[in-house]
Amino acid sequence: MRHWIRAALLAIWPMAAMAGDSGLKSLDTIDAGRDWMGVGRLDIDGTGFCTGALITPELVLTAAHCLFDKTTGERIDPARIEFLAGWRRGAASAYRFVRRAVVHPDYDYRGATSPARVRNDVALLELQRPIRNTTVLPFETGVRPGRGQDVGVVSYARDRAEAPSLQEVCSVMARQQGVLVMSCDVDFGSSGAPIFSFEGGVPRIVSVVSAKAEVDGSRVALGAALEESLELLRGELEAGRGFAQHEAPRMQRIIVGGPRNDTGAKFVKP
């Protein structure tokens, strides 16, 4: 695997999911999803969604490419982004609009798919108000996993927009130029989904889903390691950088697959 994997960003070229072969477990009940309420759906600009995860009461981790408009290439106003913590079957455990967003300063949305683009495809969202709900707890973050290490992913996707799914056992196949190549099942809408390690019995976020690709005919997920990126993004927030909303939120909450609103319910294509 010395050559760079030919990858398609999830939100640009969706491919059919093969959930029956992946060991996906639906978290569509409160009991099933109790430990994963900190993972939520990011409804973006009233047109679709990505996946994000709470890492402090007021910070959500996701992929940078979720925050860009596919048509114009411009950043999406944070006022148009809402985090729905633990969203399932039309309700969330907490609803928060985003106050400010920072993306990795080296991330280039308009650039070609490359190791650098995937490696830097990380963003932090600062919520309007912290989530202080005993059922919605932030996740710890961990160090980059090694090759062969078991990981898992919790994500929403095109065919599971109304409840997240857990794939508890996939593995790190390789580490290439700062990019993790993993055997996890991801699909349209899984962008930004947290990749967890389970060492010591504690789920810790070690990557976020950036892209899907194919290796020797098998589907894989690509994600960035987090240690350096998170430190950098926290520094950007502390320095007051990022892009902030300037108007009160006006977004209509949508239910994908439900009645259409004025803009129509479609999936996000950053």
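Figured I'd write up the structure that's included with this text. (Residues numbered from 1 in each chain as written. Predicted model: local features only at pLDDT ≥ 70, side-chain atom pairs only at ≥ 80, totals over all residues. Heavy atoms only, no water.)

## What to know about the overall build of the protein chain
Here is step 1 of the chain: Each helix and strand in the protein chain was counted, giving three helices and 16 strands.
Here is step 2 of the chain: Counting over 270 residues, the protein chain shows a buried share of 56%.
Here is step 3 of the chain: Look at the contacts in the protein chain between residues 6 or more apart in sequence, and 73% of them connect residues 24 or more apart.
Here is step 4 of the chain: Accessible surface computed for the protein chain: about 11800 Å², of which carbon and sulfur atoms make up 47%. (Helix = DSSP H or I, 4+ residues; strand = E, 2+ residues; numbered from the N terminus. Buried < 20%, exposed > 50% of the residue type's maximum accessible area, 1.4 Å probe, protein only. Contact = heavy atoms within 4.5 Å. Areas by Shrake-Rupley, 256 points an atom, 1.4 Å probe, with all protein chains shown as cover.)

## Focus: the environment of Arg160
Here is step 1 of the chain: Following the sequence through the fold, Arg160 ends up in strand β11 (residues 160-176).
Here is step 2 of the chain: Each C-alpha atom of the pair Arg160 and Ser26 lies 8.4 Å from the other, and the pair is 134 residues apart in sequence.

## What to know about unusual backbone geometry
Here is step 1 of the chain: The phi angle at Arg89 is positive, at roughly 50°, despite the residue not being glycine.
Here is step 2 of the chain: Tracing the chain through its elements places Arg89 in the loop between β6 (81-85) and β7 (94-103).

## Section: the state of the cysteines
Here is step 1 of the chain: Per the counting criterion, the structure on display carries two disulfides.
Here is step 2 of the chain: In this model Cys170 forms its disulfide with Cys184; the gap between the sulfur atoms is 2.1 Å. Where Cys170 bonds to Cys184 through sulfur, the torsion about that S-S bond is close to 70°, and the disulfide is right-handed. Of this pair, Cys170 sits in strand β11 while Cys184 is found in the loop between β12 (179-182) and β13 (194-197), placing the two residues 14 residues apart along the sequence.
Here is step 3 of the chain: The class for Cys184 is buried, based on a relative accessible area of 3%.
Here is step 4 of the chain: Here the cysteine-cysteine linkages of the protein chain are recorded as 1-2, 3-4, numbering only bonded cysteines and doing so in sequence order. (Disulfide = S-S within 2.5 Å.)

## A look at the pattern of salt bridges
Close approach of charged atoms lets side chains of opposite charge pair.
Here is step 1 of the chain: Tallying each qualifying case throughout the model produces ten salt bridges.
Here is step 2 of the chain: Asp28 is paired through a salt bridge with Arg89; the nearest N and O atoms lie 3.2 Å apart. With Asp28 in the loop between β2 (25-26) and α1 (30-33) and Arg89 in the loop between β6 and β7, the pair connects residues that are 61 residues apart, well separated along the chain.
Here is step 3 of the chain: According to the relative accessible area criterion, Asp28 is partly exposed, its value standing at 30%.
Here is step 4 of the chain: Residue Arg89 is classed as exposed on the basis of its relative accessible area of 56%.
Here is step 5 of the chain: Between Arg219 and Asp185 there is a salt bridge, with the nearest N and O atoms lying 2.7 Å from each other. Residue Arg219 is found in strand β15 (residues 218-225), and its partner Asp185 is found in the loop between β12 and β13; the two are separated by 34 residues along the sequence. Both residues of the pair, Arg219 and Asp185, belong to the buried class.
Here is step 6 of the chain: Each of Arg41, Asp43 and Glu162 takes part in salt bridges that share partners, so that together they form one network. (Salt bridge = Lys/Arg side-chain N within 4 Å of Asp/Glu carboxyl O.)

## Comments concerning the packing of aromatic side chains
Here is step 1 of the chain: One pass over the full model with this rule turns up seven aromatic pairs.
Here is step 2 of the chain: Taking 6.5 Å as the distance between ring centres and 85° as the angle between the ring planes, the aromatic pair formed by Trp36 and Phe198 counts as edge-to-face. In this pair, Trp36 sits in the loop between α1 and β3 (39-44) while Phe198 sits in the loop between β13 and β14 (204-215), placing the two residues 162 residues apart along the sequence.
Here is step 3 of the chain: We classify Trp36 as buried; its relative accessible area is 9%. (Phe/Tyr/Trp six-rings, centres within 6.5 Å; stacked < 30°, edge-to-face > 60°.)

## Topic: helix α3 (residues 227-238)
Here is step 1 of the chain: Counted at 1.5 Å a residue, the expected span for α3 with its twelve residues is 16 Å, and the 17 Å between its end C-alpha atoms agrees.
Here is step 2 of the chain: Those residues of α3 that fall on the buried side of the exposure criterion are Ser229, Leu230, Leu233, Glu236 and Leu237. Within α3, the buried residues cover an arc of 120° as seen down the axis, which keeps them to one side. Facing away from the buried side of α3, by more than 90 degrees, are the exposed residues Glu228, Glu231 and Glu238. (Expected span 1.5 Å × (residues − 1). Arc of directions from axis to C-beta.)

## Structural notes on the side chain of Ser191
Here is step 1 of the chain: Along the chain, Ser191 turns up in the loop between β12 and β13.
Here is step 2 of the chain: There is a polar contact of 2.9 Å between the side chain of Ser191 and the side chain of His65. (Polar contact = N/O pair within 3.5 Å; in protein donor to acceptor, adjacent residues only side chain to side chain.)

## Some points on the pairing of strand β8 (residues 123-127)
Here is step 1 of the chain: In terms of burial, β8 is a largely internal element, five of the five residues being buried.
Here is step 2 of the chain: Of the two faces of β8, the one carrying Ala123, Leu125 and Leu127 and the one carrying Leu124 and Glu126 are both buried.
Here is step 3 of the chain: Across four bridges, the pairing between strand β5 (residues 59-62) and β8 is antiparallel. Residue pairing for β8: Thr62 is matched across the bridge by Ala123.
Here is step 4 of the chain: Relative to β8, β7 runs antiparallel, the two sharing five bridges. (Pairing = 2+ DSSP bridges.)

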